[in-house]
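Descriptive structure summary
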Amino acid sequence: MEQSTEKIEHYLNIVSEMAVQWGGKLLMALVVFFIGLWLIKKVLNVFEKGMKKKQVEVTLHKFLLSIVSIIAKAILVIVFASMVGVETASLIAVLGAAGLAIGLALQGSLANFAGGILILLFKPFKAGDVIEAQGFVGKVVEIQIFNTILRTLDNQRVIIPNALLSNGCVKNIFVEETRRVDLTFGISYQDDIAKVKGILASIVDNNDMILKEPGADIFVSAHADSSINFLVRPWVKSEDYWPVYFGMMEEVKLAFDRENITIPFPQRDVHIIQANG
C-alpha cells in the first residue's frame, strides 16, 4: 500500500513539474496565437478597404484577401508551434520541398495564374471590352484567375489561357472614346474627281454620327488597275463605328447611282493580233 502511494506521489510530482515547465510556455503561446488572429483580422480589413478604394477587380480582390489570410495564418501556426517547443526547421523544409514539387508539376497553370494576376492588376482590358487576341475578336465576358472568357461577334464562347494574353499582343478595339473609320471607294477613270470629292464631303457633313473635330480626310489614294480610289477617313465615337461604317457603304453607293458615278469592277482589255498569212 505504501509503495502504491509512493508511486502515485512520484507521478504527481512529474506531472506538476511538467505543468510548471510547459504550462507557462503553452499559456504564452495561446495568448500570442489569439492576439495574432485578432491582428490578422484587423490587417485584412485595412487591406480590403484599401483595395475597394483603389477599385481593384472583384476577382483579384477576393483572391488576394484569401492568399494573404492563408500565408499570415500559416506563419502564426509556425510561431505557435515554435513557442511550445515543437521543432519547426524540419517542418519548414518539408513544406518548402512540397511547394517546389507542386510548382514544377503545375508549371503551366502557374504561368496562367501569374498572367491572370497581371491582367487583373494592370488592366490592359476589363470585362465588357472588345478585344482581338490569339486570332479571335470578341467581348470579354469574364476574367478568371487562370483563363479569360470571350464571346465572339457570332456568339461563340472562347476560353483563352491568361499566360497567352499577358505575354502576347492584345488589341483593345473600343477602349478609346473615338475611332477613325477608314473607307475606300473606287470610281472609273472617266469620272470627274472634283465632283466625286464633293459628293463624299456632302455625305460626311450630313451624317450626325461623324464628328466635326477632327475633320474627315478625303483624298485620292491610288491609281489602281481599273479604278481611281478615294480614301475617306471620318472620326466617330467608338460606339458609332459600325453604324457609320455600314451606313457610309450604303449612302455612297446610292449617291453614286444618282449622280451617274461608275463604280468599276476589275476588268482587262484583250487585244487580238492576227498575223498576215
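Residues numbered from 1 in each chain as written. Predicted model: local features only at pLDDT ≥ 70, side-chain atom pairs only at ≥ 80, totals over all residues. Heavy atoms only, no water.

Remarks on the overall build of the protein
Along the protein, the regular secondary structure elements total 7 helices and 10 strands. A buried classification covers 27% of the 277 residues belonging to the protein. Partitioning the intrachain contacts of the protein with sequence separation of at least 6 by distance along the chain shows that 63% fall at a separation of at least 24. Looking at the protein as shown, the accessible area adds up to about 19200 Å², and 61% of this sits on carbon and sulfur atoms. (Helix = DSSP H or I, 4+ residues; strand = E, 2+ residues; numbered from the N terminus. Buried < 20%, exposed > 50% of the residue type's maximum accessible area, 1.4 Å probe, protein only. Contact = heavy atoms within 4.5 Å. Areas by Shrake-Rupley, 256 points an atom, 1.4 Å probe, with all protein chains shown as cover.)

Some points on the nonpolar core
Counting residues in hydrophobic clusters, the biggest one holds 22 residues, and the most contacted among them are Leu200, Val232, Met248 and Phe256. Those elements giving two or more residues to this core turn out to be β7 (183-187), α6 (193-205), β9 (228-233) and α7 (241-258). Among the elements that take part in this core, α7 stands out by supplying 6 residues, more than any other. Not counting the four nearest positions on each side in its chain, phenylalanine 256 is found in contact with Phe185, Gly186, Ile187, Val196, Ile199, Leu200, Ile261 and Ile263. The next biggest cluster of nonpolar side chains, apart from the first, holds 13 residues, and it includes Ile119, Leu120, Phe125 and Ala133. (Core = buried A, V, L, I, M, F, W, Y, C linked by side-chain atoms within 4.5 Å.)

Topic: the sheet that holds strand β3 (residues 147-152)
Within the open sheet, the 5 strands sit side by side as β4-β3-β2-β1-β5. Their pairing is antiparallel. The open sheet terminates on both sides in strands that have one partner only, identified here as β4 (157-161) and β5 (171-172). Of the pairings in the sheet, the one linking strand β2 (residues 136-143) to β3 comprises 5 bridges and is antiparallel in character. Each bridged residue has a counterpart across the sheet, and for valine 140 the counterpart in β3 is leucine 150. (Pairing = 2+ DSSP bridges.)

Observations concerning the packing of aromatic side chains
For the structure shown, the criterion picks out 6 aromatic pairs. Here the aromatic rings of phenylalanine 174 and tyrosine 241 are separated by 6.4 Å at their centres, their planes lie at 65°, and the arrangement is edge-to-face. Residue phenylalanine 174 is found in the loop between β5 and β6 (178-180), and its partner tyrosine 241 is found in helix α7; the two are separated by 67 residues along the sequence. The class of phenylalanine 174 is partly exposed, set by a relative accessible area of 25%. The class of tyrosine 241 is buried, set by a relative accessible area of 10%. Joined through ring pairs, the aromatic side chains of Phe174, Tyr241, Trp242, Tyr245 and Phe246 make up one cluster. When the ring centre of tyrosine 241 is taken as origin, the NZ or CZ atom of arginine 179, which lies over that ring, is 4.0 Å away. (Phe/Tyr/Trp six-rings, centres within 6.5 Å; stacked < 30°, edge-to-face > 60°. Lys NZ or Arg CZ within 6 Å of the ring centre and 35° of its normal.)

A closer look at the pairing of β3
Connecting β2 to the next strand, β3, in antiparallel fashion are 3 residues. Bridge count for β3 against β4 is 5 bridges, and the pairing is antiparallel. Its bridge partner lying in β4, isoleucine 149 is registered against isoleucine 159. What sits between β3 and β4 in their antiparallel hairpin is a turn of 4 residues, with asparagine 155 showing a positive phi close to 70°.

Here we look at the environment of alanine 163
Here alanine 163 shows up in helix α5 (residues 162-167). When the C-alpha positions of alanine 163 and asparagine 112 are compared, they lie 4.4 Å apart, and in sequence the two are 51 residues distant.

Considering the pattern of salt bridges
Inspection of the entire model under this criterion finds 6 salt bridges. The closest approach of N and O atoms between glutamate 259 and lysine 195, which form a salt bridge, is 3.7 Å. Taken together, the residues span a long stretch of sequence, with glutamate 259 in the segment after α7 and lysine 195 in helix α6 at a distance of 64 residues. Lysine 195 sits in the partly exposed class, given a relative accessible area of 37%. Put simply, lysine 253 and aspartate 257 hold a salt bridge, and the shortest N to O gap is 2.6 Å. Of this pair, lysine 253 and aspartate 257 both sit in helix α7, 4 residues apart, roughly one helical turn. Judged by relative accessible area, which is 39%, lysine 253 ranks as partly exposed. With relative accessibility at 40%, the residue aspartate 257 sits in the partly exposed group. (Salt bridge = Lys/Arg side-chain N within 4 Å of Asp/Glu carboxyl O.)

Some details on the sheet that holds β9
Pairing between the strands of a sheet is mediated by backbone hydrogen bonds and can be parallel or antiparallel. Here we have 3 strands laid out as an open sheet, ordered β7-β9-β8, and antiparallel in their pairing. Whereas interior strands pair on both sides, the edge strands pair on one side only; in this sheet they are β7 and β8 (217-223). Within this sheet the neighbouring strands show an average axis-to-axis angle of 30°, counted without direction. Helix-sheet contacts for α6 involve β7, β8 and β9, and the interaxial angle to β9 is about 25°. Across the sheet, α7 is in contact with β7 and β9; its angle to β7 comes to roughly 15°. (Axes fitted to C-alpha atoms, helices over the stretch in contact; angles between N-to-C directions.)

None of this, on its own, says anything about what the molecule does.
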